[in-house]
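Structure assessment
Here's the letter readout for the chains.
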Amino acid sequence: MTETPPRLTPRCACGCGGALDSHLGTYQSARSGDAHDGVEARVDRLVETAFLGAIAPDPMFRRAFLKAVGASTALAAIAQLLPLGAAQAIAQEAAKPEKAKLNVGYVPITCTTPLLLAHAMGEYGKEGLEVNLARTPGWAIVRDKLISAEFDASHLVLAMPLTMTMGVGGPTLPTHVSTVQNVNGNAITLSVRHKDRRDPKDWKGFKFGIPHQHSMHAMLLRYYLAENGLDPDRDVELRVFPPPDSVANMASGNLDGMLFAEPWGQRAVFEGVGFLHALTRDIFPNHPCCVLSVTDRFITESPNSYAAMFRAVVRATEFADKPENRKQVAELLAPAAYLNQPQTVLEQVLTGRYADGLGKVVNEPDRIGFKALPHRSTAIWLLTQLRRWNMVPADIDYAAMAEKVFLATDAARRMKEIGFEASVTPFQPVVMGRAFDPSAPQAYVDSFAIKSI
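Residues numbered from 1 in each chain as written. Predicted model: local features only at pLDDT ≥ 70, side-chain atom pairs only at ≥ 80, totals over all residues. Heavy atoms only, no water.

**Some remarks on the overall build of the protein chain**
A count of helical and extended segments in the protein chain gives 20 helices and 16 strands. Across the 453 residues of the protein chain, 54% fall into the buried class. Considering only residue pairs separated by 6 or more positions, the protein chain has 75% of its internal contacts joining residues 24 or more positions apart. Of the roughly 18,400 Å² that the protein chain leaves accessible, carbon and sulfur atoms contribute 53%. (Helix = DSSP H or I, 4+ residues; strand = E, 2+ residues; numbered from the N terminus. Buried < 20%, exposed > 50% of the residue type's maximum accessible area, 1.4 Å probe, protein only. Contact = heavy atoms within 4.5 Å. Areas by Shrake-Rupley, 256 points an atom, 1.4 Å probe, with all protein chains shown as cover.)

Following this line, the structure appears as structure tokens:
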């Protein structure tokens, strides 16, 4: 790891197109370069800005005034006339995390990059948080620890917050999607034994590994199989494994294929036991995969802690999404404290330049991306597939459930507050060339020839 965590610089939320630091430069003549780092400094700057905004509402006049008298003089004058220090102290107390020490669960896959990167780069500390990252082998354990409140938040596969909120497969626990951790980033991987059986129509009797029966991985694999004429419940066998066990099971012959989050597909190539048949980006471009989730209880009881965690993770998400940062991200997350993977494997996944296991080196920059904003249309699409395979009740209200679980509006507002673009333009999923209309989910479900209902 680097000795000094790199600074993440968001873009300005006002629409000027510059960096947030340049927009905050009204006070820079009186401040050091790190004047806005950390929650306490940020709150002080916000209070100062609020006071100045109240005195001089017009932004053009305000900037001209500051240029004329200087930031130090302006702030000194405000402090003489108004209780600036007292206001800052009150705001600091109000913004302080209710719970400074958080336990956050994760399964060691590249989908959890932003959550881990925020720790590796010191972003949680800047928000006054001490985050304990709790590595867990599989999703059942994560669910149990969220239910028992042993975890304050966790990385989850996309469907779990929906099914947990509905009480499918366990106790009902209102759970929310705070941010999306990644888009794309997975691959259908086949055993090297099947290099000559690449046509899905020849896969009857195959055993496939998946991380969770409700996950995006499982839904995309089911969709792909069905589009190629195979009934995933009758013609193949889908087996749930913890992601870290996937490659060993393929090597031992227990699996003919698998669809797990990376780096496990690429690790199978690295170990010489598998090859990449198809990237999930080619099945459903820009699909979300995993998310950072919190319970309703955590948001209600610790809103400042939740907000601080959100900011730290979003800054890390934006950093990770930039192609020029991907090799550094791989270096930071390769150690045992995080993903515990060979750095070269992570670089292949994150940069999109990778060996496919068939003797070729492929260059696909969009193999994985990191986009924080959750789109409800993707939640509705996922619910249609869960209904298609009879995994959720028939009376489900698709739109209402998506709105309840996916905190899209809240996330967009919070992202803009810290200077990041957060387009709320509806995202229309296109899966294997077919556009999905989120306003007609049940008609979409009914249109499939192969389904379990």
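Next, the rest of the story.
**A few points about unusual backbone geometry**
Backbone torsion omega between Glu262 and Pro263 reads 15°, so that peptide bond is classified as cis. Along the chain, Pro263 turns up in the loop between strand 9 (257–258) and helix 12 (264–270). A positive phi is found at Ala149, a non-glycine position, where the angle reads about 65°. Relative to the elements of secondary structure, Ala149 occurs in the loop between helix 8 (139–147) and strand 3 (153–157). A positive phi angle is found at Asn184, which is not glycine, with a value near 60°. Tracing the sequence through the fold places Asn184 in strand 5 (residues 183–184). Looking at Asn184, the relative accessible area reads 2%, which means it is buried.

**Some remarks on the packing of helix 14 (residues 303–321) against helix 19 (residues 408–417)**
Where helix 14 meets helix 19, the axes come as close as 10 Å, and the angle between the chain directions of the two elements is 75°. Regarding the angle of helix 14 to helix 19, the classification is roughly perpendicular. The segment helix 14 lies against helix 19, with Tyr306, Ala307, Phe310, Val314 and Glu318 engaging Asp410, Ala411, Arg414 and Met415. In the contact of helix 14 with helix 19, the residues fall into six nonpolar, no polar and three charged. (Axes fitted to C-alpha atoms, helices over the stretch in contact; angles between N-to-C directions. Parallel < 35°, antiparallel > 145°, perpendicular 65-115°, else oblique. Nonpolar A, V, L, I, M, F, W, Y, C, P; charged D, E, K, R; others polar.)

**Description of the pattern of salt bridges**
All told, the structure shown has 19 salt bridges when counted by the stated rule. For Glu364, the salt bridge goes to Arg281, with nearest N and O atoms at 3.8 Å. Of this pair, Glu364 sits in the loop between strand 13 (361–363) and strand 14 (368–369) while Arg281 is found in the loop between strand 10 (274–279) and strand 11 (290–295), placing the two residues 83 residues apart along the sequence. Classification of Arg281 by relative accessible area gives buried; the value is 19%. The partner of Arg413 in a salt bridge is Glu417, and the shortest N-O contact between them spans 2.9 Å. (Salt bridge = Lys/Arg side-chain N within 4 Å of Asp/Glu carboxyl O.)

**Here's the deal with the side chain of Gln348**
Within the secondary structure, Gln348 sits in helix 16 (residues 343–351). A polar contact of 2.8 Å, which involves the side chain of Gln348, links it to the backbone nitrogen of Ala355. Every residue in contact with Gln348, bar those within four places of it in the chain, is listed here: Gln266, Arg353, Tyr354, Ala355 and Arg367. (Polar contact = N/O pair within 3.5 Å; in protein donor to acceptor, adjacent residues only side chain to side chain.)

**Looking at the sheet that holds strand 9**
Pairing is mixed in the open sheet, where five strands are placed in the order 8-7-9-6-10. The sheet is open, and its two edges are formed by strand 8 (237–240) and strand 10, each paired on a single side. Two strands pair when backbone bridges link them, and strand 7 (residues 207–210) and strand 9 are joined in this way by two bridges, in the parallel orientation. Looking at strand 9, one finds that Gly209 is bridged to Met258. Strands strand 6 (187–191), strand 7, strand 8 and strand 10 of the sheet are contacted by helix 10 (residues 216–227), whose axis makes an angle of about 150° with strand 7. (Pairing = 2+ DSSP bridges.)

**Structural notes on the sheet that holds strand 1 (residues 101–106)**
Picture the strands of a sheet paired through backbone hydrogen bonds; they go either parallel or antiparallel. Spatially, the five strands line up as an open sheet ordered 2-1-3-11-4, and their pairing is mixed. Across the chains shown, the open sheet's two edge strands, defined by having one partner strand only, are strand 2 (130–135) and strand 4 (175–180). Ignoring strand direction, the axes of neighbouring strands in this sheet form an average angle of 30°. Here helix 9 (residues 159–166) sits on the sheet in contact with strand 3, strand 4 and strand 11, set at roughly 105° to strand 3.

**Description of helix 18 (residues 398–405)**
Among all positions of helix 18, only Tyr398, Met401, Ala402 and Val405 are buried. Viewed end-on, helix 18 has its buried residues packed into an arc of 100°, placing them on one side of the element. In this fold, the buried residues of helix 18 make contact with helix 9, strand 4, helix 17 (376–388) and helix 20 (441–446). (Arc of directions from axis to C-beta.)

**A closer look at the nonpolar core**
Ranked by size, the top nonpolar core spans 74 residues in total, and within it Trp139, Leu156, Trp203, Phe208, Met219, Trp381 and Leu382 carry the most contacts. With nine residues, helix 10 is the single largest residue contributor to this core. Excluding anything up to four places from it in sequence, Phe208 contacts Leu190, Trp203, Leu221, Leu225, Val236, Glu237, Leu238, Arg239, Leu255, Gly257 and Met258. Counting residues in each nonpolar core, the second largest holds 47 residues, with Leu116, Ala308, Leu332 and Phe420 among its members. (Core = buried A, V, L, I, M, F, W, Y, C linked by side-chain atoms within 4.5 Å.)

**Some points on the environment of Phe298**
Turning to its location among the elements, Phe298 is positioned in helix 13 (residues 296–301). Between the alpha carbons of Phe298 and Ala153 there is a distance of 8.0 Å; along the sequence they are 145 residues apart. Setting aside its immediate chain neighbours within four residues, Phe298 contacts Leu102, Asp152, Pro303, Ser305, Tyr306 and Met309.

**Re the confidence of the model for the protein chain**
Reading fine detail from the predicted coordinates is not recommended where pLDDT is low. On average, residues of the protein chain carry a pLDDT of 87, and 79% of them reach 70 or more. A low-confidence stretch, residues 9–31 (pLDDT under 50), is modelled with 43 contacts involving residues beyond four sequence positions or located in other chains. This stretch, residues 87–93, has a pLDDT under 50; its non-local contacts, to residues over four places away or in other chains, come to twelve contacts. (pLDDT = per-residue confidence, 0-100.)

**Remarks on the packing of aromatic side chains**
For the structure shown, the criterion picks out ten aromatic pairs. Taken together, a centroid distance of 5.2 Å and an interplanar angle of 70° make the contact between Phe284 and Trp381 edge-to-face. A residue pair is termed long-range when its members are at least 10 positions apart, and Phe284 in the loop between strand 10 and strand 11 and Trp381 in helix 17 qualify at 97 residues. Accessibility classification places Phe284 together with Trp381 in one group, the buried group. By way of ring pairs, the aromatic residues Tyr223, Phe284, Trp381, Phe436, Tyr444 and Phe448 are connected into one cluster. Its guanidinium or amino end placed over the ring of Phe275, Arg198 lies 6.0 Å from that ring's centre, counting from NZ or CZ. A cation over a ring is seen here: Arg434 above Phe448, with NZ or CZ 5.0 Å from the ring centre. (Phe/Tyr/Trp six-rings, centres within 6.5 Å; stacked < 30°, edge-to-face > 60°. Lys NZ or Arg CZ within 6 Å of the ring centre and 35° of its normal.)

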